[in-house]
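So you can see what is in the structure, the chains are spelled out below.
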Amino acid sequence: MTRSLPTAVRTHLSALRILLVFTVVTGVLYPLAVTGVAQGAFPHEANGSRITRHGTVMGSSLIGQNFALPKAHPGDPGEPLRPDPAWFQPRPSAGGYDPLATGASNLGPNNPVLVRSVEARRAAVARFDGVAPRDVPADAVTASGSGLDPHISPGYAYEQVNRVAKTRGLRPATVHALVTAHVEDRVLGFLGERRVNVVQLNAALADHR
Amino acid sequence: MSGTLAGWLQVLALVAALALSYRPLGDYIAHVLTAPRHLRAERLVHRLAGVDGDADQRWSAYLRGVLAFSAVSVLFLYGFLRLQNHLLLSLGRPPMPPAQSFNTAASFVTNTNWQSYSGEAALGHLVQMAGLAVQNFVSAAVGIAVVAALIRGFTRKETDRVGNFWVDLTRIVLRVLLPLAFVFAIVLAAGGVIQNFHGAESIPAVAGGHQSVTGGPVASQEVIKELGTNGGGFYNANSAHPFENPNAFTNWLEIYLLLVISAALPRTFGRMAGDHRQGYAIVAVMALIWAASVAVVTVTELHSVSSQAGHAAGGMTEGKERRFGIWASALFAASTTLTSTGAVDSAHDSYAPFGGGMTIFNMMLGEIAPGGTGSGLYGILILAVVAVFVAGLMVGRTPEYLGKKLRGREMKFASLYILTTPAVVLVGAGLAMALPGERAGMLNPGPHGFSEVLYAFTSAANNNGSAFAGLGVDTVWYNTALGLVMLFGRFLPMVFVLALAGSLAGQAPVPVTAGTLPTHRPQFVGLLTAVVLIVVGLTYFPALSLGPLAEGLQ
């Protein structure tokens, strides 16, 4: 039947048919097969590496969270979040740790807005943690690429120990030891950076009564 | 271990892994492209599509296949995006607006994966996996198919046939991309990349309150996004998102995946041409440019060169994930812009001026080191043709490459190929800067704002898809203009490549004489590198000096 059609029409019909075949194979069967294997073999990872505490899911170890004081006016989306001194604080986030609005600030390396906000954050963190401004590490004053970075540098974690310990009435040495237990080395010893997972650290902190 | 040593080891391990895959993968792809027998599954695909798998096509028929397949793909994907609210797993997302649907369809069909939408907010799971990810497979296969036709142009004699597009397409998808994608998708899932069909779920947070955590078939899409040098993220944050790229190992693996096919294709070329040394010469040029580029981006980032924000913060950590750090982010940034991937694990917009400028320059080189799947190799082979021609002019001989004469006709196609992309980039960026509304889309002031616009058009025309993401591109004008730029930047060069293939295939080979320029020696590697930098680099020098160079020297 198709033989009687003009060549151009036949070519486009073939193109559509082969596209539909690939849609079924690479667009449906392939992802289903991967899902089957991943859910069967690595269900924890395939479902987002969730943290459970006392039987309750408490977010994902991969996705950063806010550790802020309750809002004075919960209905007001414009009210800025204030960090809660009882928790280790994550990095600044361009999207406020909202997984439905991921991304970076995209501010250029010489944008005065970025320079000013880095300086303002440095002063705020130094005041909040009671340290000298020059001791505030770079990751404490810069936003991540995803806006969901769950990690901070070990330096930033240690820098927060005294403030967290004081607020919670714990001995600084206890909190310091907790941070040390949460310092992760580079993957395989050489990939990426040394880091502390703030979500996991705070979840462990919550158990320290 | 010191940070510097760890950084070097990441780079060296990557080079070692790529070197190890060069021969087996390159030889395997050559086998796939030349094996006389079809697999049973392939015969079934041919029958379902109604194509004759045993026909050998002229270059023009091959081109018609490429264009028809791509046109149908754009229309199909456009419809899919417009109707997604009526389909399964739509997560209640509305249809994508028309201009943005056109942009996205053009973007994924051209292997660009420029995204003016935000994945987690705009798309359901079905359109991601059965619409976008399918194009991640087939657009990569189209690129490899076109370079296969060009290689046949060099290796066949006195024929007007360059292969069968439908056979090449089917074989590359079924025998190369699908098995590799399946294996590495499982590896990524084991590493923490999610693979499920959940929507966003509200989960209690550690400090009280709730957080929406998203789901999706991410691992299966992430792997082909890198392997096919596509780059379109499941989420807006792309490979910076912890669900797409949860740790430094998955990050390293994703860099490997986005380089591996393009880096092995010169072996395929050498094998099909019957002289592996030709492949080594090409891959040497790619490696030189890649290494220089990685070095520039890494050094400028490590030392916050010409960045006030970097000096204020004490390091270039803005827009970078802690788990990767500067070395791995710079390695990703250079590799993704030297291939046509455009995935990002950090925000290029916040890179130091010369580092960010390097990522633009990488794309301007035409993405040839090692470039997109297939498109990288045909890009550098065109430049090799130009290099041979230039050398021929210097000594006053008719130039020849792999035994084929480069006459006026061949040089016309090569020149048109080289002129197309700069014309599209510079006209597009010029227009955007001339229109006040479009200029206002820049997030950052001064030369950096111009860099954002230049980056956008360079990325679209070279089918990269990464962005200086500060530029507000979800407007009807940018969606339409960049959509057109992507289509011109993809298919006009393919027309010239296939025309060149046809012209070369028709020639009888000329014997090698004492006067023939050897194209496998270090001398040719140097010549080709120089041609790449001079011919392509200088074209863009005025535009670069208004953007990143002006910013870096301020």
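Quantities reported herein were computed from a predicted structural model and do not represent experimental measurements. (Residues numbered from 1 in each chain as written. Chains lettered and ligands numbered in written order. Predicted model: local features only at pLDDT ≥ 70, side-chain atom pairs only at ≥ 80, totals over all residues.)

### Remarks on the overall build of chain A
Of regular secondary structure, chain A possesses 7 helices and 5 strands. In sequence order, the secondary structure elements of chain A are arranged as α-α-β-β-α-β-α-α-α-β-β-α. Counting across all 209 residues of chain A, residues that qualify as buried make up 45%. Considering only contacts in chain A between residues 6 or more positions apart, those separated by 24 or more positions represent 52%. (Helix = DSSP H or I, 4+ residues; strand = E, 2+ residues; numbered from the N terminus. Buried ≥ 20, exposed ≤ 12 C-beta atoms within 10 Å, placed from the backbone. Contact = placed C-beta atoms within 7 Å.)

### Describing the overall build of chain B
Within chain B, the secondary structure is distributed over 20 helices and 6 strands. Against the 2.2 N^0.38 benchmark of 24 Å for 554 residues, chain B shows a C-alpha radius of gyration of 23 Å, consistent with a compact globule. (Rg over C-alpha atoms; globule rule 2.2 N^0.38 Å.)

### Comments concerning the UniProt feature "transmembrane region" (unreviewed entry) in chain A
Taking the UniProt record as the reference, the feature "transmembrane region" (unreviewed entry) is found at residues 12-33 of chain A. Between the C-alpha atoms that bound residues 12-33 of chain A the distance is 30 Å, and the span itself is 100% helix and 0% strand. (UniProt positions renumbered as here; feature names shortened; annotations may be inferred.)

### Overview of helix α18 (residues 476-505) of chain B
In a regular helix each residue adds 1.5 Å, so 30 residues correspond to 44 Å; α18 of chain B covers 43 Å between its end C-alpha atoms and thus fits that length. With 22 of 30 residues buried, α18 of chain B is to be regarded as a mostly interior element. (Expected span 1.5 Å × (residues − 1).)

### Points about the domain arrangement of chain A
Looking at the assigned domains, one finds that chain A contains domain 1 (2-44) and domain 2 (50-71 + 83-206). Computed over C-alpha atoms only, the centres of domain 1 of chain A and domain 2 of chain A are separated by 44 Å. (Domains from an automatic or database assignment.)

### Some remarks on the interface of chain B and chain A
The interface is formed by 96 residues belonging to chain B together with 86 residues belonging to chain A. Broken down by element, the side of chain B that touches chain A gets its largest block of residues, 8 residues, from helix α7 (residues 165-191) of chain B.

### Some words on the sheet that holds strand β5 (residues 195-197) of chain A
All names here are of chain A. Strand order in the open sheet made by the 3 strands is β3-β5-β4, with antiparallel pairing throughout. One side of each edge strand has no neighbouring strand; the edge strands of this open sheet are β3 (151-152) and β4 (183-184). Two elements, β4 and β5, share 2 bridges in a ladder whose sense is antiparallel. Counted as the bridge partner of Glu-184 is Arg-195 from β5. (Pairing = 2+ DSSP bridges.)

### Describing helix α13 (residues 353-364) of chain B
Quick reminder: α-helices carry 3.6 residues per turn. Residues three or four places apart thus point the same way. Residue and element names in this part refer to chain B. Compared with the 16 Å implied by 1.5 Å per residue over 12 residues, the 16 Å span of α13 between its first and last C-alpha is a close match. When you tally the buried positions in α13, you get 12 out of 12 residues, the bulk of the element. Buried within α13 are the following residues: Pro-353, Phe-354, Gly-355, Gly-356, Gly-357, Met-358, Thr-359, Ile-360, Phe-361, Asn-362, Met-363 and Met-364. Where the residues of α13 are buried, they touch α10 (276-302), α12 (325-338), α17 (447-461), α19 (522-546) and α20 (548-553). One or two positions beyond α13, positive phi appears at Gly-366, with a value near 95°.

### Re the environment of Arg-171 of chain A
In this fold, Arg-171 of chain A is placed in the loop between α5 (161-168) and α6 (172-182). On a C-alpha basis, the gap between Arg-171 of chain A and Gly-108 of chain A in space is 42 Å, while along the polypeptide they are 63 residues apart.

### A few points about the nonpolar core
Counting residues in hydrophobic clusters, the biggest one holds 213 residues, and the most contacted among them are Ala-141 and Val-146 of chain B. A total of 21 residues in this core trace back to one element, the largest contributor, which is helix α6 (residues 125-155) of chain B. Here this core gathers at least three residues from each of two domains, domain 1 (2-44) and domain 2 (50-71 + 83-206) of chain A. Aside from chain neighbours lying at most four places away, what touches Val-146 of chain B is Val-66, Gly-374, Tyr-378, Met-494, Val-497 and Leu-498 of chain B. If you look at the next biggest cluster of nonpolar residues, it comprises 30 residues, including Phe-88, Val-136 and Val-161 of chain A together with Ala-313 of chain B. (Core = buried A, V, L, I, M, F, W, Y, C linked by C-beta atoms within 7 Å.)

### Section: unusual backbone geometry
Omega for the peptide link from Ala-369 of chain B to Pro-370 of chain B comes to 0°, which places this bond in the cis form. Along the chain, Pro-370 of chain B falls in the loop between α13 and α14 (375-395). With a phi close to 50°, His-54 of chain A is a non-glycine residue in the positive phi region. Among the secondary structure elements, His-54 of chain A is positioned in the loop between β1 (50-53) and β2 (56-60).

### A closer look at the packing of α10 of chain B against α19 of chain B
Residues and elements named next belong to chain B. Here α10 crosses α19 at 50°, and the two axes come no closer than 9 Å. Between α10 and α19, the angle is such that the two are oblique. Judged by the twist between their axes, the crossing of α10 over α19 is right-handed. Judged by residue contacts, Ala-281, Ala-284, Val-285, Leu-288 and Ile-289 of α10 engage Phe-524, Val-525, Leu-528, Thr-529 and Val-532 from α19. Of the residues assigned to the contact of α10 with α19, the class counts are 9 nonpolar, 1 polar and no charged. (Axes fitted to C-alpha atoms, helices over the stretch in contact; angles between N-to-C directions. Parallel < 35°, antiparallel > 145°, perpendicular 65-115°, else oblique. Left-handed = near helix turned anticlockwise from the far one by under 90°. Nonpolar A, V, L, I, M, F, W, Y, C, P; charged D, E, K, R; others polar.)

### Observations concerning the environment of Ala-101 of chain A
Along the chain, Ala-101 of chain A turns up in the loop between β2 and α3 (112-129). Once the C-alpha coordinates of Ala-101 of chain A and Gly-147 of chain A are considered, the two residues, 46 residues apart in sequence, prove to be 8.1 Å apart.

### Some remarks on the pairing of strand β3 (residues 201-204) of chain B
All names here are of chain B. Pairing of β3 with strand β4 (residues 210-213), which is carried by 4 bridges, proceeds in the antiparallel orientation. Residue Ser-202 lies in a different strand from β4, and its bridge partner there is Ser-212. Where β3 folds back on β4, the antiparallel hairpin that results is connected by 5 residues, among which Gly-208 adopts a positive phi of roughly 90°.

### Observations concerning the packing of helix α3 (residues 59-82) of chain B against helix α4 (residues 98-109) of chain B
Residues and elements named next belong to chain B. Two elements in contact, α3 and α4, have axes whose closest approach is 8 Å; the angle formed by their N-to-C orientations is 135°. Between α3 and α4, the crossing angle belongs to the class labelled oblique. For the crossing formed where α3 meets α4, the hand is right-handed. Where α3 abuts α4, its residues Ser-70, Ser-73, Val-74, Leu-77, Tyr-78, Leu-81 and Arg-82 lie against Ser-101, Phe-102, Thr-104, Ala-105, Ala-106, Phe-108 and Val-109. Of the residues belonging to the contact of α3 with α4, the class tally is 9 nonpolar, 4 polar and 1 charged.

### Regarding the pairing of β2 of chain A
All names here are of chain A. Both β1 and β2 contribute to a ladder of 3 bridges, which runs antiparallel. Note on β2: the bridge partner recorded for Thr-52 is Val-57. Counting the residues between successive antiparallel strands, the hairpin from β1 to β2 contains 2 residues, one of them, His-54, with a positive phi of roughly 50°.

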